[in-house]
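Survey of secondary and tertiary structure
Chain by chain, the residues run as shown.
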Amino acid sequence: HEKFPKHPDGSRDLVTDWKHTQTWKAMEKLVATGKVKAIGVANYSVKYLEELLPEATIVPAVNQIENHPSLPQQEIVDFCKEKNIHITAYSPLGSSGSPMMKEKTILEVAEKRGVTPASVLLSYHGMRSPAIPFHQRS
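Residues numbered from 1 in each chain as written. Predicted model: local features only at pLDDT ≥ 70, side-chain atom pairs only at ≥ 80, totals over all residues. Heavy atoms only, no water.

Along the backbone of the protein chain there are 6 helices and 3 strands. Tracing the protein chain from N to C terminus, the helices and strands come up as α-β-α-β-α-β-α-α-α. Counting the 138 residues in the protein chain, one finds 27% classified as buried. Restricting to contacts in the protein chain with at least 6 residues of sequence separation, those with at least 24 account for 48%. Of the roughly 9400 Å² of accessible surface on the protein chain, a fraction of 55% belongs to carbon and sulfur atoms. (Helix = DSSP H or I, 4+ residues; strand = E, 2+ residues; numbered from the N terminus. Buried < 20%, exposed > 50% of the residue type's maximum accessible area, 1.4 Å probe, protein only. Contact = heavy atoms within 4.5 Å. Areas by Shrake-Rupley, 256 points an atom, 1.4 Å probe, with all protein chains shown as cover.)

In this section: a negative patch on the surface. Together, Glu50, Glu51, Glu55, Glu75 and Asp78 line one region of the surface with negative charge. Elements represented by at least two residues in the negative patch include exactly helix H2 (46-52) and helix H3 (74-82). Turning to its location among the elements, glutamate 51 is positioned in helix H2. (Patch = residues over 30% accessible without salt bridge, like charges linked within 9 Å, V, L, I, M, F, W, Y side chains within 5 Å. Salt bridge = Lys/Arg side-chain N within 4 Å of Asp/Glu carboxyl O. Lys, Arg positive; Asp, Glu negative; His and termini not counted. Charge placed at Lys NZ, Arg CZ, Asp CG, Glu CD.)

Membership of the largest hydrophobic core comes to 16 residues, with the highest contact counts inside it found for Trp24, Val41, Leu49, Leu52, Ile76, Phe79 and Cys80. The set of elements that each furnish at least two residues to this core consists of H2 and H3. Tallying contributions element by element places H3 first for this core, with 4 residues. Sequence-distant contacts of tryptophan 24, defined by excluding residues within four places in its chain, comprise Ile39, Gly40, Val41, Leu52, Ala56, Ile58, Val59 and Pro60. (Core = buried A, V, L, I, M, F, W, Y, C linked by side-chain atoms within 4.5 Å.)

The next subject is the side chain of asparagine 63. Along the chain, asparagine 63 turns up in strand E2 (residues 62-66). Overall, the relative accessible area of 0% leaves asparagine 63 in the buried class. Among the polar contacts made by the side chain of asparagine 63, one reaches the main-chain amide nitrogen of asparagine 43 at a distance of 3.4 Å. Leaving out residues up to four positions away in the same chain, asparagine 63 has contacts with Val41, Ala42, Asn43, Tyr44, Leu49, Ile76, Cys80, Ile85, His86, Ile87 and Thr88. (Polar contact = N/O pair within 3.5 Å; in protein donor to acceptor, adjacent residues only side chain to side chain.)

For the rest of this paragraph, the subject is the pairing of strand E3 (residues 86-90). By the alternation rule, side chains of E3 split into Ile87 and Ala89, which are all buried, and His86, Thr88 and Tyr90, of which none is buried. With 5 bridges joining them, E2 and E3 adopt parallel strand pairing. Residue glutamine 64 lies in a different strand from E3, and its bridge partner there is threonine 88. Regarding topology, H3 serves as the crossover connection from E2 to the parallel E3, and that connection is right-handed. (Pairing = 2+ DSSP bridges. Right-handed = clockwise from strand over helix to strand, strands pointing away.)

Glancing now at the sheet that holds E3. Strand order in the open sheet formed by 3 strands is E1-E2-E3, with parallel pairing between adjacent strands. Sheet topology places strand E1 (41-42) and E3 at the edges, where each strand pairs with a single neighbour. Here 2 bridges tie E1 to E2, and the two strands are oriented parallel to one another. When the sheet's bridge partners are listed, alanine 42 is paired in E2 with glutamine 64.

On to the environment of proline 5, then. Along the polypeptide, proline 5 turns up in the segment before helix H1 (20-33). Among residues more than four places away in sequence, those in contact with proline 5 are Ser11, Arg12 and Asp13.

Coordinates in, geometry out; function isn't part of it.
See below:
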């Protein structure tokens, strides 16, 4: 993109000597001021959390990830649950145009429960269990 910072040779101008853990440490200082009550991360994989947690004095309160029945991301959901990090869904209705709102299984669950497809999708986190695939729930 033309607005992305570039070096004179056209290569991307990226800061490569700064780690995400340094940013986290700065965020922890904000909590100490009392002006911030909780801090979290977004789009963190297990790899990034495994890098962060040994250096953190505060465990992230939340990890916001894209999460819905078509993109369950079970590995990171399970990891966060184990570490008491709340998952908040980005795009719980399924991205642009809300394609999940028209999925047969979602519509069936919504009809059976007497709720809207959006309600089913928004409650997806609370309904999840690795032992029972979403499409097999009643």
